[in-house]
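The primary structure of each chain is shown beneath.
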2 protein chains.
Amino acid sequence: MDGYRGFLGLLVSALLVGFLSVLFTLIWVLHYREGLGWDGSALEFNWHPVLVVTGLVFIQGIAIIVYRLPWTWKCSKLLMKCIHAGLNAVAAILAVISLVAVFDFHNARSIPNMYSLHSWIGLTVVILYILQLLLGFFAFLVPLAPLSLRAFLMPLHIYSGLLIFGIVIASALTGVTEKLFFALTKPAYSTFPPEGVFTNTLGLLILVFGALIFWIVTRPQWKRPKEPNSVLLQPNGGTPEGVEGSMAINFGKADSESNNEAAARKRNLPLDEAGQRSTL
Amino acid sequence: MDGYRGFLGLLVSALLVGFLSVLFTLIWVLHYREGLGWDGSALEFNWHPVLVVTGLVFIQGIAIIVYRLPWTWKCSKLLMKCIHAGLNAVAAILAVISLVAVFDFHNARSIPNMYSLHSWIGLTVVILYILQLLLGFFAFLVPLAPLSLRAFLMPLHIYSGLLIFGIVIASALTGVTEKLFFALTKPAYSTFPPEGVFTNTLGLLILVFGALIFWIVTRPQWKRPKEPNSVLLQPNGGTPEGVEGSMAINFGKADSESNNEAAARKRNLPLDEAGQRSTL
């Protein structure tokens with residue numbers, strides 16, 4: 001792997017910042033807020049930030065970069081796809097529970113649901129996340145979809161995956177903003193109380209975590225290598241492994257590969273002579 | 001250009017949604033709020049969302065995709081770089097004025113500055129935006145930096161450009177959230193007043209605009225083609241035009257090109273025979 005030490009440094013930083021984000025969220029609700037419970041009170045609401053930051057932020061972030069861990073490159077693609085899908089499934093379940101906590105809390109206190117921008121974006125992104133998970137499951141994990149459909153869907157899967165991750169982070173920041181303006185009245189948020197400064201820092205940690213994941217996942221030199229000869233073994237020059245793996249993160253890999261394939265065919269060269277592996 | 005009609009459809013959609021975002025912001029401050037002015041009152045504050053959405057959201061979004069407009073591919077790279085830098089400079093100036101408006105308003109009313117998460121993220125992203133503009137100016141527009149430095153900086157420039165754009169959008173959404181919780185008291189935000197629904201819709205428009213720009217800018221088939229023979233003319237096999245242009249949007253293009261170059265040299269093939277243009 002090119003730049004292994006750089007990768008390792010960024011991975012450790014991402015894990016540290018992600019872990020701190022979860023820790024800060026727990027300290028926020030346990031120390032500054034009322035704690036956790038499941039009784040329709042604010043204690044139940046507090047599960048919302050804890051589960052969102054743990055699942056949709058931290059676990060989703062790890063799921064996005066899981067193909068890039070070089071010590072997993074010996075593992076089969078199927079295993080890695082199961083881990084990727086499994087982590088996202090866990091995050092989706094936590095997200096649904098986090099929504100139940102908020103709706104329960106609102107209903108118990110007769111607080112209207114779905115009036116704020118945070119609620120609009122948050123519910124939308126959870127629905128998109130579940131759709132993305134289902135699409136990914138049926139298109140890439142279950143061997144049902146034809147290769148051409150997989151190749152067509154992969155750029156969409158990559159784009160929407162990163163977009164959803166970005167919207168989750170934006171939504172988390174609006175959620176922190178909303179909660180602090182509700183909760184911090186005595187003393188007011190504007191008087192720089194410790195909880196305000198602490199939770200603003202949590203917001204920045206979430207943002208930095210997103211930035212680190214975004215960097216790691218967009219470096220072409222850190223992509224999982226294709227399975228040996230996976231392209232040449234295909235009668236139609238398709239990329240059965242490549243569709244799921246090596247294209248899974250890099251933007252527009254499908255296009256560049258198909259163009260490379262076309263260029264190679266034109267010159268009657270085998271694909272790996274046409275430089276098509278040089279972007280891995 | 002591959003998929004020209006698709007590109008055109010998305011471009012028109014982006015322009016429409018971006019234009020609607022600016023229009024909605026104007027309607028918000030002129031119809032629902034007090035209007036615009038420069039007297040330390042809420043009228044001065046109202047310049048803040050107008051200038052941010054016009055500059056940092058809309059103009060920055062256009063600046064990001066300006067290399068991709070196929071009818072500009074006849075124009076020189078230098079001209080396009082000037083347009084890219086010029087649009088970003090205009091957005092930066094509007095951003096600074098938008099900050100002055102908020103600080104003026106706060107100071108006139110003795111409201112503390114810089115206590116909210118929105119203010120932390122917003123000020124940080126404006127500083128990053130200006131640094132990115134200066135770095136871009138000295139590294140890519142003024143012919144001072146050596147090619148190797150440009151090639152090293154370009155992936156950072158691309159990454160930080162898109163990251164800053166994403167943070168701007170997240171920051172705008174926290175700003176809308178903050179303002180609505182401040183402003184909507186009678187009737188309360190939670191009673192679904194027209195202003196709440198309208199401004200939530202503005203938030204969604206900003207998000208959709210960001211998603212459209214993100215899609216357009218990450219499609220490899222819509223990249224500006226390299227200048228003919230720009231690579232082969234370079235004694236060291238560098239990419240003087242490619243550094244600024246064809247790599248300006250696609251993630252990690254630097255890496256894939258240098259790898260392609262290495263592969264081509266290894267086989268003593270000219271670069272454009274090695275499929276290095278097939279990802280354009």
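A quick note: this is a predicted structure, and the numbers were derived from the prediction, not measured.

## A short note on the confidence of the model for chain A
Residues and elements named next belong to chain A. Of the residues in chain A, 81% reach a pLDDT of 70 or more, and the chain-wide mean stands at 86. Scored below 50 in pLDDT, residues 231-280 makes 123 contacts in the model with residues more than four places away or belonging to other chains. Across the predicted assembly, pTM comes out at 0.86 and ipTM at 0.86.

## Quick word on the nonpolar core
The nonpolar side chains of a soluble globular protein tend to be buried, and buried together. If you look at the biggest cluster of nonpolar residues, it comprises 124 residues, and the most contacted ones within it are F209 of chain A together with F209 of chain B. No other element matches helix α6 (residues 147-183) of chain B, which puts 14 residues into this core. Not counting residues within four places of it along the chain, the set of residues in contact with F209 of chain A comprises A14, V17, G18, V57, F58, G61 and F165 of chain A.

## Quick look at the side chain of H157 of chain B
Summarising the element assignment, H157 of chain B is placed in helix α6. Once residues within four sequence positions are removed from consideration, H157 of chain B is found in contact with H84, Q132, G136 and F140 of chain B.

## Structural notes on unusual backbone geometry
All names here are of chain A. Backbone torsion omega between K186 and P187 reads 0°, so that peptide bond is classified as cis. Positionally, P187 belongs in the loop between α6 (147-183) and α7 (194-217). Phi at M114 takes a positive value of approximately 60°, unusual for a residue other than glycine. With respect to the secondary-structure elements, M114 resides in the loop between α4 (77-108) and α5 (117-141). The partly exposed category is assigned to M114, whose relative accessible area is 24%. Even without glycine at this site, F192 takes up a positive phi of about 55°. Considering the arrangement of structural elements, one finds F192 in the loop between α6 and α7.

## As for the packing of aromatic side chains
Scanning all chains against the criterion turns up 28 aromatic pairs over all chains. A centroid spacing of 5.0 Å and a plane angle of 75° characterise the contact between F181 of chain A and Y189 of chain A, whose relative ring orientation is edge-to-face. The burial state of F181 of chain A is the same as that of Y189 of chain A; both residues are buried. Owing to a relative accessible area of 16%, F181 of chain A belongs among the buried residues under this scheme. Each residue in the set Y115 and F182 of chain A together with F181, Y189 and F192 of chain B is aromatic and connected to the rest through ring pairs, giving one cluster. Above the face of the W215 of chain A ring, R219 of chain A is positioned so that its terminal group lies 3.7 Å from the ring centre.

## Considerations on helix α3 (residues 47-65) of chain A
Spacing of three or four residues puts side chains on the same side of an α-helix, whose turn is 3.6 residues. Residues and elements named next belong to chain A. Given a rise of 1.5 Å per residue, 19 residues ought to cover 27 Å, and the 26 Å separating the end C-alpha atoms of α3 matches this to within 8%. Remark: the principal bend of α3, roughly 30°, maps to I59. Taken across its 19 residues, α3 has 17 buried, putting it largely inside the fold.

Scoring rules and cut-offs
- Residues numbered from 1 in each chain as written.
- Chains lettered and ligands numbered in written order.
- Predicted model: local features only at pLDDT ≥ 70, side-chain atom pairs only at ≥ 80, totals over all residues.
- Heavy atoms only, no water.
- pLDDT = per-residue confidence, 0-100.
- Contact = heavy atoms within 4.5 Å.
- Core = buried A, V, L, I, M, F, W, Y, C linked by side-chain atoms within 4.5 Å.
- Buried < 20%, exposed > 50% of the residue type's maximum accessible area, 1.4 Å probe, protein only.
- Helix = DSSP H or I, 4+ residues; strand = E, 2+ residues; numbered from the N terminus.
- Phe/Tyr/Trp six-rings, centres within 6.5 Å; stacked < 30°, edge-to-face > 60°.
- Lys NZ or Arg CZ within 6 Å of the ring centre and 35° of its normal.
- Expected span 1.5 Å × (residues − 1).
- Bend = angle between axes of the 7 residues up to and from the residue.

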